[in-house]
Amino acid sequence: MFIIIDRVKQQEFKFIDTMRIGILTFHCAHNYGAVLQCYALQQAIKYLGHDVEVIDYRPNFLVKPYNIIYLKRLRAKSPLHTIKKCLDELLVLKKRIIRHNAFDSFINSKLILSERIIKCDKIPSKYDVYIMGSDQIWNPKITHGYDNAYFGNFNFKKGKRRYISYAASMESSATDKRAEEELARLLKNLDAISVRENQLADFLTRDIVSHVKVETVLDPTLIVDRQMWDKIAKSTLSGMRYVLIYQIRQDVNTRRIATELARQLNATVVEITANFRAKGGTDILQCVSPEEFVGLIRDSTCVVTTSFHATSFSIIYNKPFYTLQLSDGNDSRAQSLLQSLLLSDRMINKESSPIFTDIDYKKIEVRIQKLKKDALDFLSTNI
């Protein structure tokens, strides 16, 4: 089993009874962070000595946007723009198929999956513990309203089963009284609550949750050790000096900043794209698998990103990185992580032109180990 923390402390997390645990998260989204955080939590629970499955719940809102053919991608305001979108889609079809197959391969080979489930009321009652999270499972914009599955609101009596959330997230707090009341009702079903962002923990504690303490814990990708990620990471550009770009939220300043840093480092710029492009040079990587995503960050000289999980893996591999603050209301995930690790200065204004500086990870690693232990304490105490 992979080492997660110092071996001397392993006995603190050993159990007498093996529990059967089911994870509910966005495991089937073809998004690097989604599949990698799920894999990490699965491995952490295995480390703790339990039987674990990822409940293969595949609601349409998660599956359809990642289908190879998805008609909503072709919608446009005018017939001319629709035709252009259709042509662009034909040009990227081969790339889309390659990346789609790469994600499916990771999901099917790396995750321990239950039988496939499409509707919440079909989720089985066979688990002793249900863990909801991580990822933005409570974001109603993604789940088209709060989804009962991610709150343990199943079609059977709870009995002695335990329902907990681990590093659950939502993009922003509920904005109206009705939504807050629904959220409060659903969260009462959970026996223990942990979230990923300090801001979300404060909001839930202040306005929503009163029956349990709301804790903030590390994203699952950070609670397993680098050696585990090395086992799956694939090198594609090892030996090359490059500044890596990865954007979920697009901003033109990202490439500008990366180019300026590459010039300072005598490196080239390479970009992993989240969205397909009909045109792109050799520096645009559009068919990257989850394993290659990890490897590209590991082998990079520096990372420039707008992504939470690219930030997370930069920290895992002790890479110098810059996370852009876009001030679009969606910076809280990275901000909370960087604050907890005393790395707030690595989030920079998108208009800035940073002078490259390295990161002294010695003190950061001490902090990470403390937060890893806290996260495993939360899991071991509440399972």
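Each remark here, short or long, concerns the structure printed above.
Description of the structure in this document. Here the structure is a predicted model, which is why all the values come from computation and not from measurement.

With that settled, consider the sheet that holds strand E3 (residues 113-117). Spatially, E3-E2-E1-E4-E5 is the arrangement adopted by the 5 strands of the open sheet, whose pairing is parallel. Looking at strand neighbours, the two that pair on one side only are E3 and strand E5 (162-165), the edges of this open sheet. Ignoring strand direction, the axes of neighbouring strands in this sheet form an average angle of 25°. Relative to E5, strand E4 (residues 129-132) runs parallel, the two being bridged by 4 bridges. Across the sheet, residue Tyr130 finds its bridge partner in E5, namely Tyr163. With respect to the sheet, helix H12 (residues 361-382) is in contact with E4 and E5, its orientation differing from that of E5 by roughly 165°.

On inspection of all chains with the given rule, the structure shows 19 aromatic pairs. Measuring from centroid to centroid gives 5.1 Å for Tyr32 and Phe103, while their planes differ by 45°, and the two rings are tilted. Highlighted residues: Tyr32 in helix H1 (residues 32-47) and Phe103 in helix H3 (residues 79-110), separated in sequence by 71 residues. Residue classification places Tyr32 among the buried residues on the basis of a relative accessible area of 2%. Members of the aromatic cluster, each reached through a chain of ring pairs, are Tyr32, Tyr39, Phe103, Phe106, Trp229, Tyr246, Phe293 and Phe313.

What follows concerns helix H6 (residues 198-208). For H6, the full list of buried residues reads Leu200, Ala201, Phe203, Leu204 and Ile208. For H6, the angular spread of the buried residues around the axis is 165°, confining them to a single face. The elements touched by buried residues of H6 are helix H5 (177-187), strand E6 (193-195) and strand E7 (214-216).

Looking now at the packing of H1 against H3. Look at H1 against H3: their axes get within 11 Å of each other, and the N-to-C directions meet at 10°. Classified by the angle their axes make, H1 and H3 are roughly parallel. On H3, the residues that touch Tyr32, Val35, Leu36, Tyr39 and Gln42 of H1 are Arg99, Phe103, Phe106, Ile107 and Lys110.

Take the nonpolar core next. By size, the foremost hydrophobic cluster in this structure holds 70 residues, and its most contacted members are Leu36, Ile131, Tyr166, Trp229, Phe293, Ile315 and Leu379. The leading source of residues in this core is H1, at 10 residues. With sequence-adjacent residues up to four places away left out, Ile315 is seen in contact with Leu222, Phe321, Leu337, Leu338, Leu341, Leu343, Tyr361, Glu365 and Ile368. Judged by nonpolar contacts, the second largest core, of 40 residues, contains Cys28, Ala34, Ile137 and Val195.

About the criteria used
- Residues numbered from 1 in each chain as written.
- Predicted model: local features only at pLDDT ≥ 70, side-chain atom pairs only at ≥ 80, totals over all residues.
- Heavy atoms only, no water.
- Pairing = 2+ DSSP bridges.
- Helix = DSSP H or I, 4+ residues; strand = E, 2+ residues; numbered from the N terminus.
- Axes fitted to C-alpha atoms, helices over the stretch in contact; angles between N-to-C directions.
- Contact = heavy atoms within 4.5 Å.
- Phe/Tyr/Trp six-rings, centres within 6.5 Å; stacked < 30°, edge-to-face > 60°.
- Buried < 20%, exposed > 50% of the residue type's maximum accessible area, 1.4 Å probe, protein only.
- Arc of directions from axis to C-beta.
- Parallel < 35°, antiparallel > 145°, perpendicular 65-115°, else oblique.
- Core = buried A, V, L, I, M, F, W, Y, C linked by side-chain atoms within 4.5 Å.

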